[in-house]
Amino acid sequence: MSAQAPTTRLRGGGVLESAVVLLPLALCVGLVTRVGPGVGVGVLAVAVGLVVPVVATGALVRRRPASVSPPDVVTLARVALTGVVATATVLVLASQLPARTWAVALVVGAALLLDAVDGWLARATGTASAAGARLDMESDAALLLVLSVLVGATLGWWVVAIGAMRYVFVLASWVRPALREELTPSLARRTVAAVQGIALWIALVPVVPAPWAAGGVALALVGLTASFVRDVVDLESRG
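A quick note: this is a predicted structure, and the numbers were derived from the prediction, not measured.

Colleague: Just to check I follow, could you spell out the environment of Asp 115 for this structure?
Modeller: Secondary-structure assignment places Asp 115 in helix 5 (residues 102–125). Residues within four places of Asp 115 in sequence aside, it is in contact with Arg 78, Asp 136 and Asp 140.

As structure tokens, this is what we get:
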């Protein structure tokens, strides 16, 4: 007999759903207040920072059964940090904040670390689930998109291809039914995905020379492109 996976029940009052939005809201407002941009830029930065947390909250509300596992809590913490990075990205694009600062690099590093922790925690506690894996995957995709825009502001907009590729694949699946099939589990695919975040994080570290950062990100993009091409060929051949 297998033990029941431990979960944290969502209360009727929606405390957890509220926390998913209120925590990043407080962090984003704090960042904007510290930087001190104009009102318009500040409001836009906070609003953009809340997009991912609000979408994650919607996913929690729709989940049946309405429960959240310990790894989900870690994933949601990463969602909150993604919101902060999104707010920082708007401030960078508005020339209110340098793109390569230790503060931003530390926040991004913490988010990437949590990405490693939630998978380990799911295996260690036996709480892995399809819903949790989906939340983790979409949170990863959102973080990569935000990071690619942030890094693109310094290295060039070609970097955004890293964050956009997942969403292009989803759009393509709307017209190519074969792309909606389940992907074969692959350690290589997971490794390539992890490399993207690491390469983008290194590019944000102030002491890393820009040419080295660009080279590392370019190599990561090549690997990601090859991984997506392989998956498309595999799915199409099966379809």
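Now that the structure has been shown, the text picks up again.
Colleague: Whenever I open this one, the layout of surface pockets confuses me. Can you help?
Modeller: A water-sized probe, rolled over the atoms, reveals where empty space remains. Of the voids in this model, the second largest pocket is the one considered here, and its volume is about 630 Å³. Listing elements by their share of the lining of the second largest pocket, those giving two or more residues are helix 3 (51–62), helix 4 (70–93) and helix 6 (130–155). The element that contributes the greatest number of residues to the lining of the second largest pocket is helix 6, accounting for nine residues. Counted by class, the lining of the second largest pocket contains 17 nonpolar, three polar and four charged residues.

Colleague: Quick question: what am I supposed to make of the side chain of Ser 227 here?
Modeller: Relative to the helices and strands, Ser 227 is located in helix 9 (residues 210–238). Setting aside residues up to four positions removed in sequence, Ser 227 forms contacts with Arg 189 and Val 192.

Colleague: Where do I start with the pattern of salt bridges in this structure?
Modeller: It is possible for side chains of opposite charge to pair when their charged atoms get near one another. The final tally for this structure, using the stated rule, is nine salt bridges. Among the salt bridges present, the one from Glu 236 reaches Arg 176, with a minimum N-O distance of 2.8 Å. Of the two residues, Glu 236 is situated in helix 9 and Arg 176 in the loop between helix 7 (160–175) and helix 8 (187–204); the sequence distance between them amounts to 60 residues. Here Arg 176 falls in the partly exposed class, since its relative accessible area comes to 42%. One network of salt bridges, with partners in common, ties together Arg 78, Asp 115, Asp 118, Asp 136 and Asp 140.

Colleague: Would you take a moment to explain the packing of helix 5 against helix 6 for this structure?
Modeller: A pair of packed helices is characterised by two quantities: the angle between their axes and the separation of those axes. Where helix 5 contacts helix 6, the two axes come as close as 11 Å, and the packing angle between them is 160°. Taken together, the axis directions place helix 5 and helix 6 in an arrangement best described as roughly antiparallel. Crossing geometry of helix 5 relative to helix 6 is assigned as left-handed. Across the interface between the two elements, Val 104, Val 108, Ala 111, Leu 112, Asp 115 and Asp 118 of helix 5 pack against Asp 136, Asp 140, Leu 143, Leu 147 and Leu 150 of helix 6. Residues of the contact of helix 5 with helix 6, tallied by class, amount to seven nonpolar, no polar and four charged.

Colleague: I'm lost on unusual backbone geometry in this one. Help?
Modeller: A negative phi holds for most residues other than glycine; trans holds for most peptide bonds. Its identity as a non-glycine residue notwithstanding, Ser 95 has a phi of 60°, on the positive side. Along the chain, Ser 95 falls in the loop between helix 4 and helix 5.

Rules and cut-offs
- Residues numbered from 1 in each chain as written.
- Predicted model: local features only at pLDDT ≥ 70, side-chain atom pairs only at ≥ 80, totals over all residues.
- Heavy atoms only, no water.
- Helix = DSSP H or I, 4+ residues; strand = E, 2+ residues; numbered from the N terminus.
- Contact = heavy atoms within 4.5 Å.
- 1 Å grid on protein atoms, 1.4 Å probe; cavity = no way out; pocket = protein on both sides within 12 Å on 5 of 7 lines; lining within 4 Å.
- Points joined across faces, edges and corners; volume = space filled by probe spheres on them.
- Nonpolar A, V, L, I, M, F, W, Y, C, P; charged D, E, K, R; others polar.
- Salt bridge = Lys/Arg side-chain N within 4 Å of Asp/Glu carboxyl O.
- Buried < 20%, exposed > 50% of the residue type's maximum accessible area, 1.4 Å probe, protein only.
- Axes fitted to C-alpha atoms, helices over the stretch in contact; angles between N-to-C directions.
- Parallel < 35°, antiparallel > 145°, perpendicular 65-115°, else oblique.
- Left-handed = near helix turned anticlockwise from the far one by under 90°.

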